[in-house]
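# Structure assessment
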Amino acid sequence: MKTILLTGFEPFGGEPLNPSWEAVRQLDGQRRGDHLIRAVQLSCAFGQALTELKTELARHQPVLVLAVGQAGGRSELSLERVAINLDDARISDNAGAQPIDSSIVAEGPAAYFTTLPIKAMVAALREAGLPAAVSHSAGTYVCNHLFYGLMHEIVQGELRCRGGFLHIPYLPEQAARQPAGTPSMGLPQIVQGVGIALDAALHHERDLVISGGTTH
Ligand code: PCA
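Let me sum up the structure you'll find in this document. Going along each chain's sequence as written, the residues are numbered from 1 onward. Per-residue local features are limited, in this predicted model, to residues with pLDDT of at least 70; the limit for side-chain atom pairs, both in listing and counting, is 80 or more; totals at the level of whole chains, interfaces and linings are taken over all residues. Note: side-chain values were computed over all heavy atoms of the structure, leaving out hydrogens and water.

Turning our attention to the overall build of the protein chain. We count a stretch as a helix when DSSP gives it H or I for four or more residues in a row; a strand needs E for two or more, and each element gets its number in order from the N terminus. Helices and strands together make up the secondary structure of the protein chain, namely six helices and nine strands. With the C-alpha coordinates of the protein chain rotated into their principal frame, the extents come out at 45 × 40 × 40 Å. Burial classification: accessible surface area is computed with a 1.4 Å probe over protein chains only, and a residue below 20% of its type maximum counts as buried, one above 50% as exposed, and the rest as partly exposed. Considering the protein chain as a whole, with its 216 residues, one finds that 51% of them fall into the buried category. Surface accessibility of the protein chain: about 10000 Å² in total, with carbon and sulfur atoms responsible for 49%. Taken as two groups, the 16 positive and 21 negative side-chain charges of the protein chain have centres that lie 7 Å from each other. Computed with a 1.4 Å probe, the accessible areas rest on the Shrake-Rupley method; for each residue, only the protein chains presented here act as cover. Within this scheme the basic residues Lys and Arg register as positive and the acidic residues Asp and Glu register as negative, but His and the chain ends are omitted. We put the charge of a Lys on NZ, of an Arg on CZ, of an Asp on CG and of a Glu on CD.

What follows is the structure in structure tokens.
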């Protein structure tokens, strides 16, 4: 049986939970067609998160990796298109590190594109009534770091594996502690969304040719 690896992060920034781990843990052990889902939690720490990811890649040899992270303030399920070779942390990570303007891989390419069919994934999510969009920045914190490291590992290791990153909104209970107007999404919708996104990725070896671009 082929394996799908889902990753979520531990809480960071003073939050008691991270919706990415709360969501992916619910899918651990599930089957989607002839694929088995494995979900793992990663540290919210530069370097460490990548070390843990590499161990999980070697252990599970997945054919598809969807890394998931919290993006507080976003209102949609955001399929990331690009990871950049840059760490620039606004806050310290969980190990106390705050890299500023450093590359993730010295001499690595400036950026990697996802190899998941993100347009098809967004279309499937919207079809199912869940707000979703293509995003053109995964930020410059641990999520972008992990996404870049994942794509670098796939390319360098010549892994037969597709990879990408999904940013998700706060849960309602988190948004309730933020200023009024902060968007959120319920955990059942997020879990459903991750499943729909995976199904779309499995059904589309190539992406749809529809626009996911923005004018600004
Ligand atoms: N979100 C952070 C790091 C961990 C997470 O869930 C980010 O977007 O970089």
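Now, onward.
This paragraph deals with the state of the cysteines. The disulfide criterion used throughout: a pair of cysteine sulfur atoms within 2.5 Å. Evaluated as defined, the whole model comprises zero disulfides. Free of any disulfide, Cys44 has its nearest cysteine sulfur in Cys143, 6.8 Å distant. Its sulfur unpaired, Cys161 is 18 Å from the next cysteine sulfur, which belongs to Cys143. Relative accessible area serves as the criterion here: at 10%, Cys161 is assigned to the buried category.

To continue, consider the pattern of salt bridges. Any carboxyl oxygen of Asp or Glu within 4 Å of a side-chain nitrogen of Lys or Arg constitutes a salt bridge here. Taken as a whole, this structure holds seven salt bridges when the rule is applied. Here Glu56 makes a salt bridge to Arg59, at a shortest N to O gap of 3.3 Å. Within this pair, Glu56 and its partner Arg59 are both found in helix 2 (residues 48-60), separated by three residues, close to a single helical turn. Judged by its relative accessible area of 55%, Arg59 is exposed.

It is worth spelling out the side chain of Asn85 at this point. Within the secondary structure, Asn85 is located in the loop between strand 6 (82-84) and strand 7 (111-113). Among the polar contacts listed, one links the side chain of Asn85 to the backbone nitrogen of Ile104, at a separation of 2.7 Å. For this analysis, residues touch if any pair of their heavy atoms sits within 4.5 Å. What Asn85 contacts, discounting residues up to four positions off in sequence, is Ser102, Ser103, Ile104, Val105, Gly108, Pro109, Ala110 and Tyr148. Whenever two N or O atoms come within 3.5 Å, that pair is a polar contact, provided that in protein one can donate a hydrogen and the other can accept it, and provided that, for residues adjacent in sequence, both atoms are side-chain atoms.

With that settled, consider the packing of helix 3 (residues 118-127) against helix 6 (residues 187-203). Remark: helix 3 packs on helix 6, axes separated minimally by 8 Å, with the N-to-C direction vectors making an angle of 135°. In terms of orientation, helix 3 and helix 6 fall into the oblique class. Here helix 3 and helix 6 pass one another in a crossing that is right-handed. Taking contact as the criterion, the partners of Ala120, Met121, Ala124 and Leu125 in helix 3 are, on helix 6, Gly193, Ile196, Ala197, Ala200 and Ala201. For the contact of helix 3 with helix 6, a count of residues per class yields eight nonpolar, one polar and no charged. Every axis in this analysis is a line fitted to C-alpha atoms, fitted for helices over the stretch in contact. Angles between the N-to-C directions lie between 0 and 180 degrees. Convention used here: angles under 35 degrees read as roughly parallel, angles over 145 as roughly antiparallel, angles from 65 to 115 as roughly perpendicular, and any remaining angle as oblique. Put simply, a crossing is left-handed when the front helix is turned counterclockwise from the back one by less than a right angle, and right-handed when it is turned clockwise. Charged means Asp, Glu, Lys or Arg here, nonpolar means Ala, Val, Leu, Ile, Met, Phe, Trp, Tyr, Cys or Pro, and polar covers whatever is left, Gly included.

Before going further, it helps to examine the sheet that holds strand 8 (residues 132-135). What the seven strands build is an open sheet, ordered 2-3-1-4-9-5-8; its pairing is mixed. The open sheet has two edge strands, strand 2 (31-32) and strand 8, and neither has a second partner. Here, any two strands with at least 2 DSSP bridges between them count as paired. Pairing between strand 1 (residues 2-9) and strand 4 (residues 64-70): four bridges, direction parallel. If you follow Thr7 over to strand 4, its bridge partner there is Ala67. Taken strand by strand, helix 3 contacts strand 5 (77-80) and strand 8, and its axis lies near 160° from that of strand 8.

Let's shift gears to the nonpolar core. Among the nonpolar cores identified, the biggest contains 34 residues, and Leu6 and Leu66 are the most heavily contacted of them. Of all the elements, helix 6 adds the most residues to this core, at eight residues. Not counting chain neighbours up to four residues away, the residues in contact with Leu6 comprise Val24, Leu27, Ile37, Arg38, Ala39, Val40, Leu66, Val194 and Leu198. Side-chain atoms within 4.5 Å link the members of a nonpolar core, which is a set of buried Ala, Val, Leu, Ile, Met, Phe, Trp, Tyr and Cys residues.

Only heavy atoms are used to decide nearness, and a residue is near a molecule or strand if one of them lies within 4 Å of it. As a matter of local geometry, the ligand sits amid Phe9, Phe12, Asn18, Cys44, Gly69, Gln70, Tyr141, Val142, Cys143 and His167. The separation between an oxygen atom of the ligand and a polar side-chain atom of Asn18 is 2.9 Å. His167 places a polar side-chain atom, nitrogen or oxygen, 2.8 Å from an oxygen atom of the ligand. Relative to its unbound accessible area of 260 Å², the ligand is 94% covered by the protein chains. When contributions to the shell around the ligand are tallied by element, the ones reaching two or more residues are strand 4 and helix 4 (142-156).

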